[in-house]
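What the coordinates show
Read off the chains here:
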Amino acid sequence: ELIAKAESILQTHDKIKLLVVMKENISASFEAAVTDLKWLMTHLSSLDRIGIVSDGKFLAHLVEIDAKFAKHFGIGEKHFTTEEIDAAWTWMEES
C-alpha cells in the first residue's frame, strides 16, 4: 500500500519524503520485505527524507545504521519515538 501511494505521488513530484508510523508488533513476510527493498533500491534518487516513528529499540538501531548508508545517496533518514511525532513532522517539513 505504501509503495502504491509513493508511486502515485512520484507521478507529479521529483522527490518525496516518507513518514512511516510503525505499530508496536510489526511483522512482514520475507517476500514483502524483498519487494519493499527492491522498490527502494530502484527509487533512491526519488527519496528526500525517510522518517520512521516507532517505540522499538531494535528498529531504532536499524534506522541509525541505515541512515549512514542513505546519506551516501542524499537521503535523510531518522528514527523518532511515538512521543516525538511532532518533532518528526517538523523534521519532515524542513528544507
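Structural data are supplied above this passage.
I will try to describe carefully the structure that is included in this document. All values reported here derive from a predicted model rather than from experimental measurement. (Residues numbered from 1 in each chain as written. Predicted model: local features only at pLDDT ≥ 70, side-chain atom pairs only at ≥ 80, totals over all residues. Heavy atoms only, no water.)

Observations regarding the overall build of the chain
What the chain contains, in helices and strands, is four helices and three strands. Traced from its N-terminal end to its C-terminal end, the chain shows the element sequence α-β-α-β-α-β-α. Computed over its C-alpha atoms, the radius of gyration of the chain comes to 13 Å, within 12% of the 12 Å expected for a compact globule of 95 residues. For the chain, the C-alpha atoms occupy an extent of roughly 35 × 35 × 25 Å along the three principal directions. Residue pairs in contact within the chain that sit at least 24 positions apart in sequence constitute 76% of those at least 6 positions apart. (Helix = DSSP H or I, 4+ residues; strand = E, 2+ residues; numbered from the N terminus. Rg over C-alpha atoms; globule rule 2.2 N^0.38 Å. Contact = heavy atoms within 4.5 Å.)

What to know about helix 3 (residues 57-71)
Taking 1.5 Å per residue as the helical rise, helix 3 with its 15 residues ought to reach 21 Å, and the 21 Å between its terminal C-alpha atoms agrees with that figure. Residues of helix 3 that are buried include every one of Leu59, Val63, Ala67 and Ala70, and no others. Its buried side turned inward, helix 3 meets strand 2 (47-53) and strand 3 (76-80). (Expected span 1.5 Å × (residues − 1). Buried < 20%, exposed > 50% of the residue type's maximum accessible area, 1.4 Å probe, protein only.)

Brief notes about the sheet that holds strand 1 (residues 16-21)
Pairing within the open sheet is parallel, and its three strands lie in the order 1-2-3. Single-partner strands in this sheet number two, and they are strand 1 and strand 3. For this sheet the average axis-to-axis angle between neighbouring strands, irrespective of direction, equals 10°. With six bridges connecting them, strand 1 and strand 2 associate as parallel partners. Each residue of the ladder has a partner; that of Leu18, found in strand 2, is Ile50. (Pairing = 2+ DSSP bridges. Axes fitted to C-alpha atoms, helices over the stretch in contact; angles between N-to-C directions.)

Focus: the packing of aromatic side chains
Summed over all chains, the structure comprises two aromatic pairs. With 5.8 Å between their ring centres and 55° between their planes, Phe80 and Trp91 make a pair best called tilted. With Phe80 in strand 3 and Trp91 in helix 4 (residues 85-93), the pair connects residues that are eleven residues apart, well separated along the chain. Each member of the pair, Phe80 as well as Trp91, carries the same accessibility label: buried. (Phe/Tyr/Trp six-rings, centres within 6.5 Å; stacked < 30°, edge-to-face > 60°.)

What about the side chain of His79?
Tracing the chain through its elements places His79 in strand 3. Of the residues examined, His79 reaches a relative accessible area of 19% and is grouped as buried. A polar side-chain atom of His79 sits 3.0 Å from a polar atom in the side chain of Ser54. Setting aside anything within four residues of it in sequence, one finds His79 in contact with Ile52, Ser54, Gly56, Leu59, Ala60 and Val63. (Polar contact = N/O pair within 3.5 Å; in protein donor to acceptor, adjacent residues only side chain to side chain.)

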